[in-house]
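Analysis of the macromolecular model
Residues per chain are reported as follows:
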Amino acid sequence: RIDGAPWVGTSWKMTKTLAEGREFARGLAEALAAEPRLRERVRPFVIPPHTALAAVAAELEGSGVVVGAQNAHWEDAGAWTGEVSVPQVADAGAALVEIGHSERREHFGETVETTAAKVAATLRHGLTPLLCVGEPAEVRDAGGSAEHILAQVRGALDGLSEEELGRVLVAYEPIWAIGEHGRPATVPELEAPFAALQGEFGSRTAAILYGGSVHQDNAAELLAMDDVDGLFVGRAAWRLEGYLELLRLA
Ligand code: PEP
């Protein structure tokens, strides 16, 4: 069922040395080679820090795991000290670019405009954008979740052709659900935001994922939701055994 198979991926954020990244990737490739049926049931992706990107991509070549970058600039090259472009991450082996994570919006000034520019650059070079959206707790409490995330998605995808839209992955990651200060969203809490996202973008984008405190105990019920096309996982997938457990639940 590879066509309808859920995406289950992880971003390592600012963790792991080169050696740690390589070891994880090698173990993942070996585990998938030993369990070919797993590869038919799930679409795995791994997003290392830039420093480990090339090594991880090399280890995972031919494994069926999509390797991504956590960020890339909208320009192809130039005087942008400290930045890395889409052609550069592609050169290092990335096939996907994560865009607009809430940590980047909060700490690094990512806006609707920069996410739109990065989505366009990613598509221009034939890579897959993984657009992250999500609302803060105050917006949720005021009943504004769907409106907030739809505005983020509309803004980032504005002007794309239907063909381009069809190559975009969206991850709904409520800010209040992410990281050690967050708590996982419950199935009832996810129903309205996912219905809104699927209603407007479900048949037009490649998939809509959930992220935010996914762990081994709640992954199966989240994946069982009709509107959830996959999971985007942080902490619970940073150990290889934890990630493999999540893949096996899909
Ligand atoms: C994230 O930051 O995108 C994320 C899903 O993190 P965690 O699973 O650790 O909450």
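- An unreviewed UniProt entry lists the chain under the name Triosephosphate isomerase, with Nesterenkonia halobia as the source organism.
- Note on the chain: under the UniProt heading Subcellular location (unreviewed entry), the record states "Cytoplasm".

**What about the overall build of the chain?**
- Counting secondary structure elements, the chain contains 12 helices and eight strands.
- On C-alpha atoms alone, the chain measures out to a radius of gyration of 17 Å, which is about the 18 Å that the 2.2 N^0.38 rule sets for 250 residues.
- With the C-alpha coordinates aligned to their principal axes, the bounding extent of the chain is approximately 45 × 45 × 35 Å.
- A total of 250 residues make up the chain; the buried ones form 42% of that total.
- Within the chain, residue pairs in contact and separated by at least 24 positions form 71% of the contacts whose partners lie at least 6 positions apart.

**What about the packing of helix α6 (residues 112-124) against helix α8 (residues 145-157)?**
- Relative to each other, α6 and α8 sit at 45°, their axes nearing to 7 Å. Considering the angle they form, α6 stands oblique to α8. The two elements α6 and α8 meet at a crossing, and its hand is right-handed. Taken together, the residues of α8 that come into contact with α6 (itself represented by V112, T115, A116 and V119) are Q152, G155, A156 and L157.
- Here the contact of α6 with α8 is composed, by residue class, of five nonpolar, three polar and no charged.

**Things to note about the nonpolar core**
- Formed by 70 residues in total, the largest nonpolar core has its most connected members in A94, V97, L131, V170, Y172, L231 and L246.
- Filtering out sequence-adjacent residues up to four positions away, V170 remains in contact with L131, V133, V153, L197, F201, T205 and I208.

**Remarks on the sheet that holds strand β8 (residues 230-233)**
- A barrel is described by the order of its strands in space; here eight strands give the closed sequence β1-β2-β3-β4-β5-β6-β7-β8, paired in parallel fashion. Mean inter-strand twist for the sheet, computed between neighbouring axes without regard to direction, equals 25°.
- The pairing of strand β1 (residues 7-11) with β8 spans four bridges and is classified as parallel. The residue bridging T10 from the neighbouring strand is V233, located in β8.
- Running at roughly 170° to strand β3 (residues 66-69), helix α3 (residues 50-60) makes contact with β2 (43-47) and β3 of the sheet.
- Here helix α12 (residues 240-249) sits on the sheet in contact with β1, β2 and β8, set at roughly 160° to β1.

Criteria and cut-off values
Residues numbered from 1 in each chain as written. Predicted model: local features only at pLDDT ≥ 70, side-chain atom pairs only at ≥ 80, totals over all residues. UniProt positions renumbered as here; feature names shortened; annotations may be inferred. Helix = DSSP H or I, 4+ residues; strand = E, 2+ residues; numbered from the N terminus. Rg over C-alpha atoms; globule rule 2.2 N^0.38 Å. Buried ≥ 20, exposed ≤ 12 C-beta atoms within 10 Å, placed from the backbone. Contact = placed C-beta atoms within 7 Å. Axes fitted to C-alpha atoms, helices over the stretch in contact; angles between N-to-C directions. Parallel < 35°, antiparallel > 145°, perpendicular 65-115°, else oblique. Left-handed = near helix turned anticlockwise from the far one by under 90°. Nonpolar A, V, L, I, M, F, W, Y, C, P; charged D, E, K, R; others polar. Core = buried A, V, L, I, M, F, W, Y, C linked by C-beta atoms within 7 Å. Pairing = 2+ DSSP bridges.

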